[in-house]
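# Fold and contact review
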Amino acid sequence: MARTQWWRRIAGGSIVGAIIAGSASVPTSASAAPQAHVMRSSCPAIQWPSAGTTQAGHKYVSLAFDALTRDRARFAGLGALRKSLTLSAIAEAHSVYMASIGSWSDGDPSGWILSRVRAAGIEATYAGQNVVTANGATVAAAVQTGEAFFAREAAGGGPHWDNITNPNHRYVGMGIALLGGPGNYTIYLTQVFSDGGGCGASSPVTFSSASAVSSSPRVGSTAHPSVDALLLHSEPGGSVVIQTLHSRDRVKVITLQGDWAQVEVLSNQLYGWAYSPFLTRS
């Protein structure tokens, strides 16, 4: 399953990569894993993790929500996402797992993001996840460092920013696992997005139009799937599947028909139809 990885460090005063993790000298890492799937289920009680790392980090989650909302507004002209307690519980459980292994991870023993969202009983058609580890002299500084990494993709695009601005994502949950102490905090931050919020979702908000240039595919453009697996059909909405496309695949858009795009797979010159909302211009 495709996923994007970044590692960066401070070496002799020069930055290797794109971000300085506060005043720390240990690696900062991040990953994004968007996925598409149809999910239908009831909404069970929310199961919050009991680990001390997230109990310590829970009171700082509002900082992460505020940073995300601010960056969506100033870089993309978008309103706030609805907060979901269910998605936050999923995010916290994942942050606990990352802290336990001392590294970022797209998946955990409970499964990949779609299986975790489904297990929480959320009815949705789309889910995505961003994770980052960051360090700082204060928790607030570490949170800002993590969100700043995601926001650096605003100018040129990237999988984290795709999750943050995806119009299918109307709900978000946050989880922080916290280690260390004053002067040297480490956070494991997880953002979980979905078009369904399940139990404990906040009231609707008004969304403004994005000021950024749309990344929707156009005829003649090169594009790639914005999800981990996208089916290539023989005809729009057809039942015959030619190939499964992954986020690393590149396609050329031949024509558009409603929500479907006829594409050429550049690696093998196969032609077929893909669901265009899950294609992003490369």
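## Re the overall build of the protein chain
Helix and strand counts for the protein chain stand at 6 helices and 14 strands. Taken across its 282 residues, the protein chain has 48% of its residues classed as buried. Excluding contacts between residues fewer than 6 apart, the proportion of contacts in the protein chain whose partners are at least 24 apart in sequence is 72%. Roughly 12300 Å² of accessible area belongs to the protein chain as shown, and the carbon and sulfur atoms make up 53% of that amount.

## Details of the side chain of Arg116
When you line up the elements, Arg116 lands in helix H4 (residues 113-119). Owing to a relative accessible area of 7%, Arg116 belongs among the buried residues under this scheme. Looking at Arg116, its side chain comes within polar contact range of the side chain of His94, at 3.4 Å.

## Structural notes on the pattern of salt bridges
Oppositely charged side chains are able to pair whenever their charged atoms sit close together. Inspection of the entire model under this criterion finds 2 salt bridges. Among the salt bridges present, the one from Arg70 reaches Asp71, with a minimum N-O distance of 3.7 Å. What makes Asp71 buried here is its relative accessible area of 1%. Residues Asp71 and Arg74 are paired through a salt bridge, measuring 3.0 Å at the closest nitrogen-oxygen approach. A residue pair is termed a helical-turn pair when its members lie 3 or 4 positions apart in one helix, as Asp71 and Arg74 do in helix H2 (residues 61-76) at 3 residues. What you see here is one network of salt bridges that share partners, running through Arg70, Asp71 and Arg74.

## Here we look at helix H5 (residues 139-151)
In this model, H5 (13 residues) spans 18 Å end to end at C-alpha, consistent with the 18 Å of a helix rising 1.5 Å per residue. Every buried residue of H5 is listed here: Val139, Ala142, Val143, Thr145, Gly146, Glu147, Phe149, Phe150 and Ala151.

## Topic: the packing of H2 against H5
At a minimum axis distance of 10 Å, the contact between H2 and H5 shows a crossing angle of 35 degrees. Note on packing geometry: the crossing formed by H2 with H5 is right-handed. Contacts between H2 and H5 pair Leu63, Ala64, Ala67, Leu68, Arg70, Asp71 and Phe75 from the former with Ala140, Val143, Gln144, Glu147 and Ala151 from the latter.

## As for the nonpolar core
Counting 25 residues, the largest nonpolar core has Leu68, Val172, Met174, Ile176, Ile187 and Leu189 as its most contacted members. If you tally residues by element for this core, the top one is H5, at 6 residues. Core analysis: the second largest hydrophobic core is formed by 13 residues, Ala223, Leu232, Val251 and Phe278 among them.

## As for the confidence of the model for the protein chain
Averaged over every residue, the pLDDT of the protein chain is 76; residues scoring 70 or more account for 73%. Within the protein chain, no element has a lower average pLDDT than strand E2 (residues 14-16), which sits at 19, and none a higher one than strand E7 (residues 184-194), at 94. Below pLDDT 50 for its whole length, residues 34-43 participates in 45 contacts with residues either more than four positions away or in separate chains. Every residue in residues 203-214 scores below 50 in pLDDT, and together they form 26 contacts with partners more than four places removed in sequence or on other chains.

## Quick look at unusual backbone geometry
Of note in this structure, Gln269 is not a glycine but carries a positive phi near 60 degrees. The topology assignment puts Gln269 in the loop between strand E12 (260-265) and strand E13 (271-275). With relative accessibility at 47%, the residue Gln269 sits in the partly exposed group.

## Considering the environment of Ala137
By the element assignment, Ala137 lies in the loop between strand E5 (124-136) and H5. The class of Ala137 is partly exposed, set by a relative accessible area of 37%. In this structure, the C-alpha to C-alpha distance between Ala137 and Pro182, residues 45 residues apart in sequence, is 6.0 Å.

## Brief notes about the packing of aromatic side chains
In the structure shown here, the tally under the stated rule is 3 aromatic pairs. Ring centres of Phe75 and Trp161 lie 6.2 Å apart, and the angle between their planes is 75 degrees; on these two criteria the pair is classed as edge-to-face. Of the two residues, Phe75 sits in helix H2 while Trp161 sits in helix H6 (residues 159-165), which places them 86 residues apart along the sequence. Owing to a relative accessible area of 36%, Phe75 belongs among the partly exposed residues under this scheme. We note Lys83 situated over the ring of Phe65; from NZ or CZ to the ring centre the distance is 4.8 Å.

## What about the environment of Ser95?
Tracing the backbone through its elements, the reader meets Ser95 in helix H3 (residues 85-101). Between the C-alpha atom of Ser95 and that of Ile176, which follows or precedes it by 81 residues, the distance is 5.8 Å. Sequence-distant contacts of Ser95, that is, excluding residues within four places in its chain, are made with Gly175, Ile176, Ala177, Tyr188, Leu189 and Thr190. There is a polar contact of 2.9 Å between the side chain of Ser95 and the backbone oxygen of Tyr188.

Quick notes on the rules
- Residues numbered from 1 in each chain as written.
- Predicted model: local features only at pLDDT ≥ 70, side-chain atom pairs only at ≥ 80, totals over all residues.
- Heavy atoms only, no water.
- Helix = DSSP H or I, 4+ residues; strand = E, 2+ residues; numbered from the N terminus.
- Buried < 20%, exposed > 50% of the residue type's maximum accessible area, 1.4 Å probe, protein only.
- Contact = heavy atoms within 4.5 Å.
- Areas by Shrake-Rupley, 256 points an atom, 1.4 Å probe, with all protein chains shown as cover.
- Polar contact = N/O pair within 3.5 Å; in protein donor to acceptor, adjacent residues only side chain to side chain.
- Salt bridge = Lys/Arg side-chain N within 4 Å of Asp/Glu carboxyl O.
- Expected span 1.5 Å × (residues − 1).
- Axes fitted to C-alpha atoms, helices over the stretch in contact; angles between N-to-C directions.
- Left-handed = near helix turned anticlockwise from the far one by under 90°.
- Core = buried A, V, L, I, M, F, W, Y, C linked by side-chain atoms within 4.5 Å.
- pLDDT = per-residue confidence, 0-100.
- Phe/Tyr/Trp six-rings, centres within 6.5 Å; stacked < 30°, edge-to-face > 60°.
- Lys NZ or Arg CZ within 6 Å of the ring centre and 35° of its normal.

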